[in-house]
Amino acid sequence: MKKSVSSIVVKYIILAIALAINVFIIVNAFIEGVKSSEISNGASEVAIKVIEDVSPGTFAVEASKVSFKQFFRKFAGHFCLFGLNGIFSSIAFYLFLRDVKVLPKWSIHIISAVFGFVMACLSELAQISTDGRTGSMKDVLIDSSGYLLGLLPVVIVVLIVEYNIKKIQKKQVE
């Protein structure tokens, strides 16, 4: 089947986005603890301001702000970032590996999931060697969970599309 130029362009744009997200993750894993904390605090302060604008008094107790900042760092900085990575990297894996005849299609998703886990491990290992940072198995699990949650809708869409393609092809044969 001949590929259109636009589908090839989209394929490489997805790859570029996936690579950019992965580079972002690794580069940020090497940011020193003090600087990383400043970035996290700045982002969480913005989130707190938005929440306070929508629902004044939400953070009336200072301890609730501290607790929210910890949650926000794990949720946005780990879970959501890796979820985004899961979406784009799994699409890239699928687009580049789907025509490889020696691989069963389902194995592409396994390869992607393993990649997500390896990225989570690498980002935490990088933090071990960075001043003021520590790697954590808990963060590996949060990162991996985010990646898998990003991978899940891609798998579902792929299954639906492939099912419909087979259904159309079967009708054309009849």
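Details of the structure are given in the entry above.
Residues numbered from 1 in each chain as written. Predicted model: local features only at pLDDT ≥ 70, side-chain atom pairs only at ≥ 80, totals over all residues. Heavy atoms only, no water.

Caption draft 1: Quick peek at the overall build of the chain. For the chain, the helix and strand inventory stands at five helices and zero strands. For the chain, the N- to C-terminal ordering of α and β elements is α-α-α-α-α. Whereas a compact globule of 174 residues would reach a radius of gyration of roughly 16 Å, the chain reaches 20 Å, over 25% beyond that. Taking the principal axes of the C-alpha coordinates as reference, the chain spans close to 70 × 40 × 30 Å. (Helix = DSSP H or I, 4+ residues; strand = E, 2+ residues; numbered from the N terminus. Rg over C-alpha atoms; globule rule 2.2 N^0.38 Å.)

Caption draft 2: Summary view of the packing of helix 3 (residues 62–97) against helix 4 (residues 105–128). Direction vectors running N to C along helix 3 and helix 4 enclose 140°, while the axes themselves pass 9 Å from each other. It follows from the interaxial angle that helix 3 and helix 4 lie oblique. The element helix 3 and its partner helix 4 pack so that their crossing is right-handed. Contacts from His78, Phe82, Asn85, Ser89, Ser90, Phe93, Tyr94 and Leu97 in helix 3 reach Ile108, His109, Ile111, Ser112, Phe115, Gly116, Met119, Ala120, Ser123 and Glu124 in helix 4. In terms of residue class, the contact of helix 3 with helix 4 is built from nine nonpolar, eight polar and one charged. (Axes fitted to C-alpha atoms, helices over the stretch in contact; angles between N-to-C directions. Parallel < 35°, antiparallel > 145°, perpendicular 65-115°, else oblique. Left-handed = near helix turned anticlockwise from the far one by under 90°. Contact = heavy atoms within 4.5 Å. Nonpolar A, V, L, I, M, F, W, Y, C, P; charged D, E, K, R; others polar.)

Caption draft 3: Spatial organisation of the packing of aromatic side chains. Taken as a whole, this structure holds eight aromatic pairs when the rule is applied. Taking 6.3 Å as the distance between ring centres and 45° as the angle between the ring planes, the aromatic pair formed by Phe68 and Phe71 counts as tilted. With a gap of three residues between them, Phe68 and Phe71 both fall in helix 3, about one helical turn apart. You can call Phe68 buried: its relative accessible area is 15%. Judged by its relative accessible area of 47%, Phe71 is partly exposed. Linked through ring pairs, Phe59, Phe68, Phe71, Phe72, Phe75 and Phe79 together constitute an aromatic cluster. Geometry around Phe96 places Lys11 over its ring, the cationic atom sitting 4.6 Å from the centre. (Phe/Tyr/Trp six-rings, centres within 6.5 Å; stacked < 30°, edge-to-face > 60°. Buried < 20%, exposed > 50% of the residue type's maximum accessible area, 1.4 Å probe, protein only. Lys NZ or Arg CZ within 6 Å of the ring centre and 35° of its normal.)

Caption draft 4: Fine view of the state of the cysteines. Within this structure, the stated rule accounts for zero disulfides. Lacking any disulfide linkage, Cys80 is separated from the closest cysteine sulfur, that of Cys121, by 20 Å. (Disulfide = S-S within 2.5 Å.)

Caption draft 5: How the structure looks around the packing of helix 3 against helix 5 (residues 137–173). With their axes 7 Å apart at the nearest point, helix 3 and helix 5 run at an angle of 35° to one another. In terms of crossing hand, the pair formed by helix 3 and helix 5 is right-handed. The residue makeup of the contact of helix 3 with helix 5, split by class, is twelve nonpolar, nine polar and four charged.

Caption draft 6: Representation of the environment of Ile26. Here Ile26 is to be found in helix 1 (residues 5–29). Here Ile26 falls in the partly exposed class, since its relative accessible area comes to 25%. In this structure the C-alpha to C-alpha distance between Ile26 and Leu122, which are 96 residues apart in sequence, comes to 7.6 Å.

Caption draft 7: Molecular detail of the nonpolar core. Of all hydrophobic cores here, the largest spans 18 residues; its most connected members are Ile25, Phe82, Phe93, Tyr94 and Ile108. Those elements giving two or more residues to this core turn out to be helix 1, helix 3, helix 4 and helix 5. Considering each element in turn, this core owes the most residues, seven residues, to helix 3. The residues touching Phe82, leaving out its near neighbours within four places in the chain, are Ile25, Gly116, Met119, Ala120, Ser123, Asp143, Gly146 and Tyr147. (Core = buried A, V, L, I, M, F, W, Y, C linked by side-chain atoms within 4.5 Å.)

Caption draft 8: Main features of helix 3. For helix 3, built from 36 residues, the straight-helix expectation of 52 Å at 1.5 Å per residue is met to within 8% by its first-to-last C-alpha distance of 50 Å. In helix 3, a bend of some 25° at Phe75 exceeds every other bend along the element. (Expected span 1.5 Å × (residues − 1). Bend = angle between axes of the 7 residues up to and from the residue.)

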